[in-house]
Protein chains: 4
Amino acid sequence: MIVVLKSNPNQKQLDNLMMWLRSMDLDIHTSEGSKHTILGLVGDTSKVDIDLISALDIVDEVKRIQEPYKNANRKFHPEDSVIDVNGVKIGGGNFQIIAGPCSVETEEQICEVAKDVKASGATLLRGGAFKPRTSPYSFQGLANEGLRLLLEAKAMTGLPIVTEIMDMSQLDLFGEVDIIQVGARNMQNFMLLKELGKTNKPILLKRGLSSTLEELLMSAEYIMAGGNEKVILCERGIRTFETYTRNTLDLSAIPVLKRLTHLPIIIDPSHSTGKAALVEPMSLAATAAGADGLIIEVHNDPQHALCDGPQSITPAAFDKLSKKIFGLRNFLTEEN
Amino acid sequence: MIVVLKSNPNQKQLDNLMMWLRSMDLDIHTSEGSKHTILGLVGDTSKVDIDLISALDIVDEVKRIQEPYKNANRKFHPEDSVIDVNGVKIGGGNFQIIAGPCSVETEEQICEVAKDVKASGATLLRGGAFKPRTSPYSFQGLANEGLRLLLEAKAMTGLPIVTEIMDMSQLDLFGEVDIIQVGARNMQNFMLLKELGKTNKPILLKRGLSSTLEELLMSAEYIMAGGNEKVILCERGIRTFETYTRNTLDLSAIPVLKRLTHLPIIIDPSHSTGKAALVEPMSLAATAAGADGLIIEVHNDPQHALCDGPQSITPAAFDKLSKKIFGLRNFLTEEN
Amino acid sequence: MIVVLKSNPNQKQLDNLMMWLRSMDLDIHTSEGSKHTILGLVGDTSKVDIDLISALDIVDEVKRIQEPYKNANRKFHPEDSVIDVNGVKIGGGNFQIIAGPCSVETEEQICEVAKDVKASGATLLRGGAFKPRTSPYSFQGLANEGLRLLLEAKAMTGLPIVTEIMDMSQLDLFGEVDIIQVGARNMQNFMLLKELGKTNKPILLKRGLSSTLEELLMSAEYIMAGGNEKVILCERGIRTFETYTRNTLDLSAIPVLKRLTHLPIIIDPSHSTGKAALVEPMSLAATAAGADGLIIEVHNDPQHALCDGPQSITPAAFDKLSKKIFGLRNFLTEEN
Amino acid sequence: MIVVLKSNPNQKQLDNLMMWLRSMDLDIHTSEGSKHTILGLVGDTSKVDIDLISALDIVDEVKRIQEPYKNANRKFHPEDSVIDVNGVKIGGGNFQIIAGPCSVETEEQICEVAKDVKASGATLLRGGAFKPRTSPYSFQGLANEGLRLLLEAKAMTGLPIVTEIMDMSQLDLFGEVDIIQVGARNMQNFMLLKELGKTNKPILLKRGLSSTLEELLMSAEYIMAGGNEKVILCERGIRTFETYTRNTLDLSAIPVLKRLTHLPIIIDPSHSTGKAALVEPMSLAATAAGADGLIIEVHNDPQHALCDGPQSITPAAFDKLSKKIFGLRNFLTEEN
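Remember, it's a predicted structure, so these values are computed and weren't measured experimentally.

K.L.:
I'm lost on the relation of the copies chain A and chain B in this one. Help?
P.N.:
One chain copy maps onto the other through a rotation about an axis and a shift parallel to that axis. Each copy superposes on the other: chain A lies on chain B with an RMSD of 0.1 Å after a rotation of 180 degrees and an axial shift of 0.0 Å. In short, the pair behaves as if placed about a two-fold rotation axis. Across chain A, the rotation axis passes nearest the C-alpha of A:Ser210, at a separation of 2.9 Å. By residue overlap, the copies meet face to face through one surface: 100% of the interface positions of chain A are interface positions in chain B.

This is the structure in structure tokens:
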């Protein structure tokens, strides 16, 4: 961490600052220029509150050199994390496709889709029981009944299930859920993150619509700081000025996150683009860029999906797509 | 609502669509062109799920003409709403300044600031007890103890208090709080919004960092649909590419929201800019643009604030500023 | 095009509007609701100025159904365009890699890089002679001398060359240049676009930092409306709030543009990310998403590049990368 | 400028870097930590190419402390610049309103508007002769004839005129123009900026749609580095995700620019919002925030304006507005 002091700092304030910094076990290297004095802080600065220092009268600017996250940081954990979900592994060379409908609607629907996507190679089943919707007048999900149907589909197919939690009060309901999803709107619901940090469930943490990659990692850090290291990151598009796609899928997040963290990264080509026709090219691109997996919306009757129909693909389309994805993945793995 | 059909739509699907639309008590006006057929839907379309229609195979595009919110809509409620907070009125020509520290830190701090800002003309006291922080290692607020101190400051000064809720599980603790604030990160925490809709507390709803004004109104609609009409909207900056200010304060939100809704609109010049030096010009600008109030951070020792010090102003600076704001407000009111 | 009228429009103004629309050979289908009257305009609306209609007192809203571009529109030109650059074909299944340094610096540098990238499979050489730089104090390129050196490298290797024009006054200097590049900052330099429309040179048109895909196509339309159909589109990252990468590479632009237009689309993984380490994963992702080519910065001494060094890769790295790209491209082509 | 070196830098490369930095007359202060070595560079670093240093193998990160612009920097020119336009002064306490139509259309139109806005207190006349339009099929302005009509209106009313240049080849036509406007799309047309730097005309430089304030100042620096110090900055909205307004007017740009530069800053409430109803509140807000002037679109028949009608106000509305603006301005001036 570098602290640039204003010219002619008040000596007493400077002494206080120095004492305070040393109390945090930091070494201080001072470089005095004619206009500015620069302090170089060496040691574990991840827990130093940068706002506190910036606020001081004698400080012009503070700049981190070390990242502000530690548990999620690849520097302190060079090996890829592998998250084991009931025997299905994600990360560290293990690539998985999560598939299923946006919302669970009926027993027939979820079971049929589950069988179909399993037959096509998906190893995890997704489906929403609690649905965050912009309008209070839109379908809000089947709630508990949706969870029950998901568990039936799991029992029938053996596929571990992924579903979204909307509030920490629901946590008790998620006992049989294999991966708890935190949606983009909840990425900075810090109380929820802290609660999830106390569980030992794998967490699928989606990037917020206007969150930087550093903020995504800080949210992962909230979970990990509580003791739960099983975090799977998910890029699902960011909000930009472009309106043709629902959001802008930021695929450079894959190699960037791979450098910054040891956690697995998966991509959601369905919600990010909002258009079924873009799911295939974006799935292939994500795979080529090195993603550890994909989460794809599949609905057996997209025309009558109760939510997000325009981006769902049919089981038949998914079957063709998953063959292409696995083919590409094999090609790329053999190449290396 | 306008539905543009694809060319040569399947007749059976079209019949189904027509029947379904009529079942929602909508009148349908059909306009057949050589390439496209256009359906004009007339009636109360605010509760029609636009995604459902867009998903249909035979539909090319759907476009709302009416806004998707009703309770918050000025069209159905032409008069300004006035929110009464323990006798302090906001909206409909009533302008208020909310002031106080980012976080409650000590009894001395909050009480001293409360006395000072009251003397300078503030009519409501703000202060954070539960603080949403990007890093799990940053100061997270005094929690219950912070609430207790706020209530002491209220008892001492008579100022109604505004403080942020972070999760619906905290609602019981907010019994004595006068305005419950929903922070930007929670603007789309729909479960929290629904719970707040069941209370009769005034809600200060902050715009999310990447939320459109329509989404802000949809979140207000969540609260209002539950029966609680006391919503105060707050613009606090949106996320853009500009990095000099923390966020970009969108003051055009004031006249836009004034047209779209009857709810009062206040501005937060402190969090949006993140810089104390910008608080005065942005406060004056917001007042000139027609805001119903301001929420300003004041700290008696900004250098040692435990959070967000760089944007806080001192009680002395606030005193000068509030004189300017009220002077400007009086000038503008007399003008009209 | 759909025109939504305000309720109770002035009859005389409505008659004028109808007459004016008919004078443009448009058929008008009227749909009268209880609150709104909707006009559906059928015919060639690509040349109708939407602003003019929106401005009318009696009009509430205007919405295009047809795209506002015609020459670039795939609807009117279903087959992929193939751009022939001195025998090197781009588009319609022809995939090319353009490589070379950001700036031409010395004869030795450009010729060495040219030989190297040709040996690795690049079929076109890039290099900047005129450099748009944010600061007037940064290196601005070798100008005419840079062009001369590029032509030497072309003579030596036979590679057609691509270089950026900064102003239409430079057009005479570009007689021997094979592809004229229009940079992101000039994407809406309409006078330059019009001049380029009068030439018969292939144009590499880069998307502006904050331009929508529709605006990119409108800029292509400027060139094509002048008679020059040889436009190659290039996605090179858009400006967002994320700061880890220089810009956010929008790879969904590839399938979106493939649907909207018949023009070829190439990707610039170097400028978009601004980081050499991201060039490989983003190149592979772009290839998998269906790009018609890539434009990659290669410098024989990236440490001493006079501009944009951090994103350049060495000839040795390019050699490995191009093998991977062509391998992937072959795999994908055989798959289909 | 601070240079953070990677751990264990190659000694020879480090020696080269030191020698090179010293050759630019910079003092170097070294601070060696256990993990990082930090160089503090003291002296005039505004002309150091930060990219060159960042690219070095041994460098981890470079961070400016000084701003990269000098002529535009308030630090080196503490007094406000006052730009004299044929006797009309802008900046340093002088506030002006520029008004007129988006496009010059007919002699009657421009002369009538000119007389009207002069009578209402405007001191400069705006009007477009060359119009940058997204579509090649939209009205492109009257060109030379438009300039001629503007000069007639100037002769008749005595108002100095402001009009936009689109390419440096037009410069000869602008001999009688009083302020040359550089539009948002041309803010980084560096060849044009350099040419304008050779003139002694006042330049109205509009901020680009996705340009940071620092980039705006760097573009001003291009003009000033050529010897022309008469630059007026103009904020006209930036591109964000919000779609209700055409762009998002960033009024915090006013106090920020006032701190960073001595150049005057004016605001364009018409183009930024794109809606006539927002012009008044945004004009008042800009005035309250300390702008040095406003540029407002006025059209005597907004319904039939050939471009940008929806945001133009009538002369009658302008008359009322300018009274309010001047009243507010007087109030604020007397306050201080």
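K.L.:
Whenever I open this one, the interface of chain C and chain A confuses me. Can you help?
P.N.:
When the parts of a complex come together, some accessible area is lost, and that lost area is often taken as the interface size. Taken residue by residue, the interface counts 37 residues in chain C and 36 residues in chain A. Here chain C is connected to chain A by two salt bridges. Mapped onto the side of chain C that touches chain A, the elements with two or more residues apiece are helix H7 (253-260), helix H9 (279-288) and helix H10 (315-335) of chain C. Split into classes, the residues belonging to the side of chain C that touches chain A amount to 20 nonpolar, nine polar and eight charged.

K.L.:
Looking at this structure, I do not really get the environment of C:Pro281. What am I missing?
P.N.:
Within the element layout of this structure, C:Pro281 appears in helix H9. When its relative accessible area of 13% is taken as the criterion, C:Pro281 is described as buried. C:Pro281 sits 44 residues away from C:Ile325 along the chain, and the two C-alpha atoms are 10.0 Å apart. Apart from residues lying up to four places away in sequence, C:Pro281 is in contact with A:Pro255, A:Ala288 and A:Ala289.

K.L.:
Even after reading the chapter, I still don't get the pattern of salt bridges, so can you show me in this structure?
P.N.:
Side-chain pairing between opposite charges can occur once the charged atoms of the two side chains come close. By the definition in use, this model includes 56 salt bridges over all chains. As a salt-bridge pair, C:Arg74 and C:Asp80 come within 2.7 Å of each other at their nearest N and O atoms. A salt bridge links C:Lys258 to C:Asp292; the nearest nitrogen and oxygen atoms lie 2.4 Å apart. Here C:Lys258, found in helix H7, pairs with C:Asp292, found in the loop between H9 and strand S14 (293-297); they are 34 residues apart in sequence, far enough to count as distant. In this structure C:Asp292 comes out as buried when scored by relative accessible area, which is 6%. Salt bridges sharing partners connect three or more residues here, namely A:Arg207, A:Glu235, A:Asp250 and C:Glu242.

K.L.:
Looking at this model, I keep getting lost on the packing of helix H6 (residues 213-225) of chain D against helix H7 (residues 253-260) of chain D. Mind explaining?
P.N.:
For any two helices packed against each other, the geometry comes down to the angle between their axes and how far apart the axes lie. All names here are of chain D. Contact pair H6 / H7: the axes reach a minimum separation of 11 Å and the direction vectors enclose 50 degrees. Between H6 and H7, the interaxial angle falls into the category oblique. The way H6 lies across H7 gives a crossing that is right-handed. From H6, Leu213, Leu216 and Leu217 reach across to H7, where they touch Ala253, Val256, Leu257 and Leu260. Classifying every residue of the contact of H6 with H7 gives seven nonpolar, no polar and no charged.

Analysis parameters
Residues numbered from 1 in each chain as written. Chains lettered and ligands numbered in written order. Predicted model: local features only at pLDDT ≥ 70, side-chain atom pairs only at ≥ 80, totals over all residues. Heavy atoms only, no water. Least-squares fit on C-alpha atoms with pLDDT ≥ 70 in both. Contact = heavy atoms within 4.5 Å. Salt bridge = Lys/Arg side-chain N within 4 Å of Asp/Glu carboxyl O. Helix = DSSP H or I, 4+ residues; strand = E, 2+ residues; numbered from the N terminus. Nonpolar A, V, L, I, M, F, W, Y, C, P; charged D, E, K, R; others polar. Buried < 20%, exposed > 50% of the residue type's maximum accessible area, 1.4 Å probe, protein only. Axes fitted to C-alpha atoms, helices over the stretch in contact; angles between N-to-C directions. Parallel < 35°, antiparallel > 145°, perpendicular 65-115°, else oblique. Left-handed = near helix turned anticlockwise from the far one by under 90°.

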